[in-house]
Structures are given as structure tokens and as C-alpha cells.
Amino acid sequence: MAVRDAGFLLVGLLVLFHTWGAWAAVEVNMEDRVEVFRGETAQIACMFKSDDGIGGTTIKWFYTTRSGERQNIYFQDSTMKTVHRGTPFTDRISVNGTGASGGVVLTINNVRLEDELEFICFIKSLTDGDGEGRTKLKVFETPALPTIEVVQTGFSVSEDSPSKIGVCEVKNGFPKPNITWYRNNTPLRSNQDVVLTTTMESSGLYSVRSELNMKVMKEDKDALFYCEVNYFVPGGTRMTETNRINITVYYPSTAVSVWVESPKGKIKEGDSVELHCHGNGNTESSMSITHAGVEQTLDSNMLVLNNVTRLNSGVYQCNSLDLETFETISRNITVFVNYLDPAVVIPEDTVVVDQGEELKATCNALSSLQTHTAWFKNGEEVLKGHTLIVKDVTLHTAGTYVCMVTVPEIKGMETSGTLRVNVMGTPEIVKPDNTEIEESFEKSVELSCLARGFPAPSITWTTSDGKVLKAEPQKQMEDSVQSVVRVKVTSDLTVVCSASNKFGTDAMTFSIKATTQTTTQATTSTTTSTSISSATVKTETVVPPEKIKKEGSGVIIAVIIICILLLAILGSVLYFLYKKGKICGRSGKQDLTKEKSNKDNIVVEMKSDNTEEAILLGVNGEKQPPSDQ
């Protein structure tokens, strides 16, 4: 009886213990999720409270399969630690901690995409019961940079259905990335024409492709389109963008513009005029310009009018024909070509005016603009205005006058006329700066004589002794004639230039003075055997410097010899006259009784190799007695 009661007591205690254990539970704390990049290491912590310690605690790790079943991957109690074989985690997991501190950590190496599961930590205690916690493992992969492609063909606003604009694509991301289209920084989220395609690659990563289809408007020609890609990373999200693209939009013209591209400002005859005609659309169209009923198709929307005249003035109509809608729009521009007719000078060409009378001439040119007139002579302005008046004309008035008519408003617009004025009257010689000329002996001098007058005067050259000089042919100038003559200087000379026509003559004199540069002295003495005086006669001979330079010492020797011969001849003549009694009324037999002092006598001492006798002559040609020798 006692034994049976004891058995009932034991059974009751066991039932009571089991019932109390069912009511009791171990408190387990775990994170809701753990996030990690693919290929990295994930650590899942399991924290719990138990009074049993290591000896009374059992720890198990599970994961939930895709079908919802539990799969045991790890077991641990006070006696053993076991990683279950045959699971995807067998070689990649480990558990750190014994549970004594109230927590263990499940470590998963080289996390894979398929590891994105729910992991369960189960704790069983002898006295505290059991409990479990759950953590979801999230795996991430950063996608490649997104790309965008635009359709190369343009888009017409006249198309009724949406057009394919472009495609954005992002590859190999996990979880699936999101693509958003933008137009000028405005998202096109509500656009129903965005087609999104998601592809799972064999690696388990996601590639997303988004195609934008829309009906374009004219404003889209300046719009920039791009894609924004959002993808997930541990702890949040990230964003990247594609480059901006612009699309070609074709739209018809609603207005045209026409203008003169060149020249800038007013147009004159002879210019090349460049007309431009453009529409504000960009669809294929035909551009033309109509003038005076003639239509010209444009090349590059431009018409060039070369060497325009006043006949090119008028209205030009720019036309644009849209080849899709066949609608034509036009705009006009008025072109005016300014003109300046040739200058008309009255009297024409040449006018002859008598000296002292009045000269009057007019110059006019018909123009579409205000003109300015000026008269020029020899390049210098002499008068402003249309009328040229010169009272009491002189020979200086003669010449060519140029009438210049200009249009101040347009640079280079000008015309001119000429008038030749001849003044009838007595010639007038233009006196040079110098009429007195010095020139070296035997050189030539060039004389020039310029004379005004009409009819053109004839110029002659003469010397003071009446000799006519031969001059070069006369040179006809604009209002004068010029004559040139060359004269060789052999002595001082006076040359006269005479200019004459039917009205009279004018003359001018040139004085030419011959000059020398150097003087040399040649002294030659000839001594006879009988001399009555020690004085000698010195003879000076002037030789032109040029000859001295050319002939040198040989010329000097020749001159000395000539002088000696002349003195010898002179001595012979004097001696002959003395013998005949022709000198001083004495006969050749008279004696010299009058004594002459050496101071008063001029003695010629002559010496000859062929004469042994020396003849000494006094100033009167008398023979000196032997006693005076």
C-alpha cells in the first residue's frame, strides 16, 4: 500500500513539474534583422536569461526554408557542440560563447544571396523552461552604374502616338534597384508610358531596364532627360544618376524672319547684299525669296545679290513651305539701294581763260542722299562747294582741277570730275632758288628752265655772246614746259633762258663762274757763263687740278721744259734786236756806259749746252760791258 502511494506521489510530482515547466519560459532577445553585403561575414546575436547555467541549458540554431520548414544547423549542451552536416551552412557557420554569460553569436562566413533567410535561436533550460528568438538576414549587392541610350532619330510633334525616347538600364543589384525618369529635374513618375522590365540573372542578381515612351512637344527640344537609380545598402539606400541627354524634336515653323546680313547699315550701288530668310521651326521645309514677281529658291536659307544697283531696290518676300503640313508662311523686307550718279562738270573737259579774266565752273552729281563737294588742285583742297570761282586769273591758276563729290553717310560712296584750265598770256618763267652757279673748270653744269603760259611757250638757250645752245627736247608738264641744257665750264659764262609764245617773251639769266681748286709754281732758271745779276725770273703756270691729278709729275716736267724753251726763244729775240740796234735807239756797236745796279735790274740768266757765250740783257735790252760781268 505504501509503495503504491509513493508511486502515485512520484507521478503527481512529475505531472506538476511538467505543468509548471510548460508555464515557465526562457526570455530570448534577438535583432529583427541583420544586414550585410554579399561575400561579407554576418553575425547574429542571441541573448537570453537562465538560472540553470551551462549545465542545465541547451542551445539550438535553426533557419526557416523557403517553404516555411525549420532546418536544424547547430546543437549545444553542457557536454557537446555540434554543427549539423548536410546543410548549406555546414562549412560556413560557427557559434561563439558557451551561454554562461547569457548570450551566443552565430557567425556566417561568405554570405550568399540565398542566405537571406530567417534564423532561429532556441534555448531550453531545466528549471526555466524554453524560449526562442528570430532574426532575418538581409543580403545586399551594389549594382553597376546605370546607362542611358537615346533614340538617334528625331521626334515630330505632329505624331499622334507616343514615341520611344530612350532606355535606362541598371545591372546586377540586390535587392532589385528602382529607376525613375526625369525631365529637367522633374520626375516622370506618373507617366503611364514608362515600361519597366526586371530580369533576374543566373547569379541571382537583378537587372532592371526602363523604356520611356512619350508624346513630345516643341518645348522638349531644349529639355534634358536622365534616369535616377535608387538601390538598397546595409542601413539605408543610395542613389546614382545617368548623364543628361537631349532629344531632337521636329516642329513646323509658325513664323519666319528675314534680314540683311551684310552690309551693315545703308546699302550703295556696287555692294554685295546678303539676305537671310529663316523660319522658327526645324522640320523639313522649302525656303524661297520673291522679288518683283520672281521667286528664287534659297541655298542654306541665304540669297546673295552681287553688284546691286538702284533697280534692286524694292520689297523682298521670304517664304517657308512646310513639307509635312504643306503650309506656307511669309514675311517681307524692304531693301533700298542708295545711288550717286557720275559728277557733271560745266564747262566740260578744258576751258581757256584770258589772263586777268574770271574763271567759273560748276560740279554736280545726282544722289539719293545728301552730298558734299570739294575742288582739288595738285592734291590740295582749294574750295568747298559746287561752284568754282576764280577772279582775275593768272598763270598760276592754270592746271587740272578735280571735283570730288562724296556722300558723308556712306563710306567710300564718291564720284569725281576733272576740268583742265588753260590761261592765255605772256609766258612766265619760274625762277629757281639760285641763278648764280660756281663750277670747277672743265666740268659740265645742268641748267633747267620752267615756264608757264598758253599757248605752250617755246624755250631757247643763248650765251651772252649770242651763241645758241642745243638743249634737250622740251618736256610738257601739266601747266608748264621744262627745258634742260648742259654747259661745259671753260670760263666764266652767262647763259640766258628765253620763253616765248604769241603773247610775248620772258627771259632769265644764269651766271656761271669757273673755279679752280689748287695753284702750283714752276721756277726754272738757266745760267749762262756771263751774268750781270744774281736775280732770277720766276714764271707761274696755272694747271687745272684735274689734270694734275690725272697726269701727275710727268705733266709738271713737260711744263717746265716748255717754259725753258720759251725763255730761250725770248732771249734770242732780245739779243737779235739788240744787235740790230732796235732796242733803246742804240746800234749794235755802241758800248754800255750806263751802270745798272743789281737791285734795279731784272736779269734773265740763260745757259745752253750749244753756246759758250752767255748773253746778259738788262731791262732795256742793252748789252752789258765785259767790265760789269
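Positions within a chain are numbered from 1, following the residues in the order the chain's sequence is written. Totals for whole chains, interfaces and linings use all residues, but because this is a predicted model, local features are given only for residues with pLDDT of at least 70 and pairs of side-chain atoms are given and counted only at 80 or more. To obtain the side-chain values, all non-hydrogen atoms of the structure were included, while hydrogens and water were left out.

Engineer: Even after reading the chapter, I still don't get the side chain of Asp322, so can you show me in this structure?
Structural biologist: By the criteria applied, helices consist of DSSP H or I runs no shorter than four residues and strands consist of E runs no shorter than two, each listed in order from the N terminus. Along the chain, Asp322 falls in strand E28 (residues 314–322). The contact criterion used is simple: two residues touch if any of their non-hydrogen atoms lie within 4.5 Å. Here Asp322 is in contact with Pro252, Ser253, Thr283, Glu284, Ser285 and Glu327, once residues within four sequence places are set aside.

Engineer: Please clarify how the pairing of strand E24 (residues 273–279) should be interpreted in this entry.
Structural biologist: As a general feature of sheets, a regular strand has side chains that alternate between the two faces. Across six bridges, strand E22 (residues 256–262) lies against E24 in antiparallel orientation. Considered in E24, the bridge of Val256 is made with Gly279. Two strands are counted as paired when DSSP detects at least two bridges linking them. The sheet contact formed by E24 and strand E27 (residues 302–305) spans four bridges and is antiparallel. Residue pairing for E27: Glu274 is matched across the bridge by Val304.

Engineer: Explain the sheet that holds strand E6 (residues 81–83) here, please?
Structural biologist: Across a sheet, strands are paired by hydrogen bonds formed along the backbone, either parallel or antiparallel in direction. Spatially, E2-E10-E9-E4-E5-E6 is the arrangement adopted by the six strands of the open sheet, whose pairing is mixed. Either end of the sheet is taken by a strand with one partner, and the two such strands are strand E2 (33–37) and E6. In this sheet, neighbouring strand axes are inclined to one another by 25 degrees on average, regardless of whether the strands run parallel or antiparallel. Pairing of strand E5 (residues 70–76) with E6, which is carried by three bridges, proceeds in the antiparallel orientation. Across the sheet, Phe75 pairs through a bridge with Thr82, a residue of E6. Axis lines are fitted through C-alpha atoms, for helices just across the contact stretch, and the angle between N-to-C directions can take any value from 0 to 180 degrees.

Engineer: Even after reading the chapter, I still don't get the pattern of salt bridges, so can you show me in this structure?
Structural biologist: Close approach of charged atoms allows side chains with opposite charge to pair. Any carboxyl oxygen of Asp or Glu within 4 Å of a side-chain nitrogen of Lys or Arg constitutes a salt bridge here. All told, the structure shown has 22 salt bridges when counted by the stated rule. With a closest N to O distance of 3.3 Å, Glu141 and Arg38 form a salt bridge. Of this pair, Glu141 sits in the loop between strand E10 (129–140) and strand E11 (147–150) while Arg38 sits in the loop between E2 and strand E3 (42–49), and the two are 103 residues apart along the sequence. Only protein chains enter the accessibility calculation, which uses a 1.4 Å probe. A residue is then buried if its area is under 20% of the maximum for its type, exposed if over 50%, and partly exposed in between. Residue classification places Arg38 among the partly exposed residues on the basis of a relative accessible area of 35%. Here Arg134 makes a salt bridge to Glu132, at a shortest N to O gap of 3.4 Å. For Arg134, a relative accessible area of 36% translates into the label partly exposed.

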